[in-house]
Amino acid sequence: MDGTAYTQQQYEQTMIKIRDLIKTSPSFIGEFVRGIENTTSILTRLNYVLDLRLFLTFLCEERLPDKSDIKDITIDDIDLLTSTDIELYLEYLSLYSKNDKNLRNNECAKARKLSAIRSMYKYFFKKQKITHNPSALIDTPKIHKKAIIRLEADEVERILQIAESGENLSTRQKKFHELTKTRDVALLTLLLGTGIRVSELVGLDVDDIDFMTNDFLVTRKGGNQEILAFGDEVRMTLLNYMLIRETILPAQGHEGALFLSLQNKRINVRTVEKLVKKYAAIAAPLKKISPHKLRSTYGTMLYQETGDIYLVAEVLGHKDVNTTKKHYAAMSMDRKRMAAEVIKLSSKSQDYLLDDEDISIPYPTHETEQTTDERSS
């Protein structure tokens, strides 16, 4: 099964899930999903359905008490909603219960769920199925900037060393480590050395790798394919892994997969997340490292070495360079500060740099001197 077939399999499974959800949703949800099929990815449509169903559940519970089930909600009910109803929903998302569990949504999650509502209103307003669009009156939740969590250079070296040696792993982990260490080193090196997404990594096939040119074919988000390059360190670890990979008999239907699990099936995202967490917990115990943080690590290292934000955006597969700038804005400011200090306008510029002891700061004369007792109180 090649990379394209694997993507097709995921597509079919997701499509089935969407159709099952639509069956238990109001008819206008299915109409909306079909209407945006040519302009959105299948994963976007799945997330829209899930988010809109949560919105409809809220309406049944809090705003439309005469509706006993979300299927009873009509497009006319949606047309009668106000901006206040949507604002109450966003407040509801801060803390709500589902299956006896309390769930919370941060600003990013709220913004995503609001986006689904806006898209639905925009679609039906354009089709003249509704007469107004209250979602357009709602401000997007403010997204607070978070520091980029990434591995430092010594931590990168450390995590690869631990993956190779199994140092400080538990006795049980060491048993499995003997079977997977070559694969794990190759996998981690590929993530750190190319910055690909974990979803892109698990979709790789053996035939996607070209050791003659140090290139590989990756299927990006949305299904677009792109050729990327890898360096000699990645090449070496991949070749070492291929010597073992060629001795493994893959499970039926997984013959083409590059990275295999212990069940000889294509490795999945969850397994990669767990192995990254396992090694990172030892290499950088104070940081919560995921495969995406390894991608941030690569992006940071590439930007530090090149200073080319457009190159970083291209290699990481960002469609909009502003996405890249948003993540690496702090580093851009550091480079600007460095530039401010690099240029010296005069050979006498050193004369302006005074030591603390050269600076005399007089005490204010209008204040009276405190007594010993006053200072000690």
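No experiment lies behind these values; they were computed from the predicted model shown.

Chemist: What am I meant to see in the overall build of the protein here?
Modeler: Of the regular secondary structure elements, the protein holds 16 helices and five strands. Counting across all 377 residues of the protein, residues that qualify as buried make up 38%. Considering only contacts in the protein between residues 6 or more positions apart, those separated by 24 or more positions represent 60%. Here the protein has roughly 23700 Å² of accessible surface; of this, 51% comes from carbon and sulfur atoms.

Chemist: Would you take a moment to explain the pattern of salt bridges for this structure?
Modeler: Oppositely charged side chains can form a pair if their charged atoms are brought close together. All chains considered together, the criterion is met by 14 salt bridges. In this structure, the salt-bridge partner of Lys 113 is Asp 51, at a minimum N-O distance of 3.8 Å. A residue pair is termed long-range when its members are at least 10 positions apart, and Lys 113 in helix 6 (residues 107-126) and Asp 51 in helix 3 (residues 42-63) qualify at 62 residues. With relative accessibility at 5%, the residue Asp 51 sits in the buried group. Residue Arg 183 pairs with Asp 184 through a salt bridge whose shortest N-O separation is 2.9 Å. Here the salt bridges share partners, and the residues they tie into one network are Arg 197, Glu 200, Arg 220 and Glu 226.

Chemist: Help me out: how do you make sense of the confidence of the model for the protein in this one?
Modeler: Regions with low pLDDT should not have their predicted coordinates read in detail. On average, residues of the protein score 87 in pLDDT, and 85% of them are at 70 or above. Under a pLDDT of 50 for its full length, residues 1-6 has, in the predicted model, 16 contacts with residues more than four places off or in other chains.

Chemist: Is there a simple way to think about the sheet that holds strand 5 (residues 225-229) in this case?
Modeler: Pairing between the strands of a sheet comes from backbone hydrogen bonds, and it takes one of two forms, parallel or antiparallel. Strand order across the open sheet formed by three strands is 3-4-5, with antiparallel pairing between neighbours. Of all strands in the sheet, those with a lone pairing partner are strand 3 (209-210) and strand 5, marking the two edges. Across five bridges, strand 4 (residues 215-219) lies against strand 5 in antiparallel orientation. Directly across from Phe 216, in strand 5, lies its bridge partner Leu 228.

Chemist: Explanation requested: the side chain of Arg 45 in the structure shown.
Modeler: Tracing the chain through its elements places Arg 45 in helix 3. One polar contact links the side chain of Arg 45 to the main-chain carbonyl oxygen of Thr 40, over a distance of 2.7 Å. Arg 45 has contacts with Tyr 11, Met 15, Ile 18, Val 33, Ile 36, Glu 37 and Thr 40, leaving out every residue within four places of it along the chain.

Chemist: Got a minute to help me understand the pairing of strand 4 in this structure?
Modeler: The side chains of a regular strand alternate between both faces of the sheet. Across the two faces of strand 4 the burial differs, with Phe 216 and Val 218 buried and Asp 215, Leu 217 and Thr 219 not buried at all. The loop that links strand 3 with its antiparallel partner strand 4 comprises four residues; one of these, Asn 214, has a positive phi angle of about 55°. The turn linking strand 4 back onto strand 5 is made up of five residues, and Gly 222 within it adopts a positive phi angle of 90°.

Chemist: Got a minute to help me understand the packing of aromatic side chains in this structure?
Modeler: How two aromatic rings sit relative to each other is given by the distance of their centres and the angle of their planes. One pass over the structure, following the stated rule, counts 13 aromatic pairs. Consider the rings of Phe 28 and Phe 124, whose centres lie 6.2 Å apart with planes at 80°: the pair is edge-to-face. Placement of the pair is Phe 28 in helix 2 (residues 27-35) and Phe 124 in helix 6, with a sequence separation of 96 residues. Plain terms: the ring middles of Tyr 89 and Tyr 92 are 6.3 Å apart, the flat faces sit at 25° to each other, and that makes the pair stacked. With Tyr 89 and Tyr 92 both in helix 5 (residues 83-92) and three residues apart, the pair spans about one turn of that helix.

Chemist: Looking at this model, I keep getting lost on the side chain of Asn 105. Mind explaining?
Modeler: Within the fold, Asn 105 resides in the loop between strand 2 (101-103) and helix 6. The class of Asn 105 is buried, set by a relative accessible area of 13%. A polar contact of 3.1 Å, which involves the side chain of Asn 105, links it to the side chain of Lys 113.

Cut-offs used in this document
Residues numbered from 1 in each chain as written. Predicted model: local features only at pLDDT ≥ 70, side-chain atom pairs only at ≥ 80, totals over all residues. Heavy atoms only, no water. Helix = DSSP H or I, 4+ residues; strand = E, 2+ residues; numbered from the N terminus. Buried < 20%, exposed > 50% of the residue type's maximum accessible area, 1.4 Å probe, protein only. Contact = heavy atoms within 4.5 Å. Areas by Shrake-Rupley, 256 points an atom, 1.4 Å probe, with all protein chains shown as cover. Salt bridge = Lys/Arg side-chain N within 4 Å of Asp/Glu carboxyl O. pLDDT = per-residue confidence, 0-100. Pairing = 2+ DSSP bridges. Polar contact = N/O pair within 3.5 Å; in protein donor to acceptor, adjacent residues only side chain to side chain. Phe/Tyr/Trp six-rings, centres within 6.5 Å; stacked < 30°, edge-to-face > 60°.

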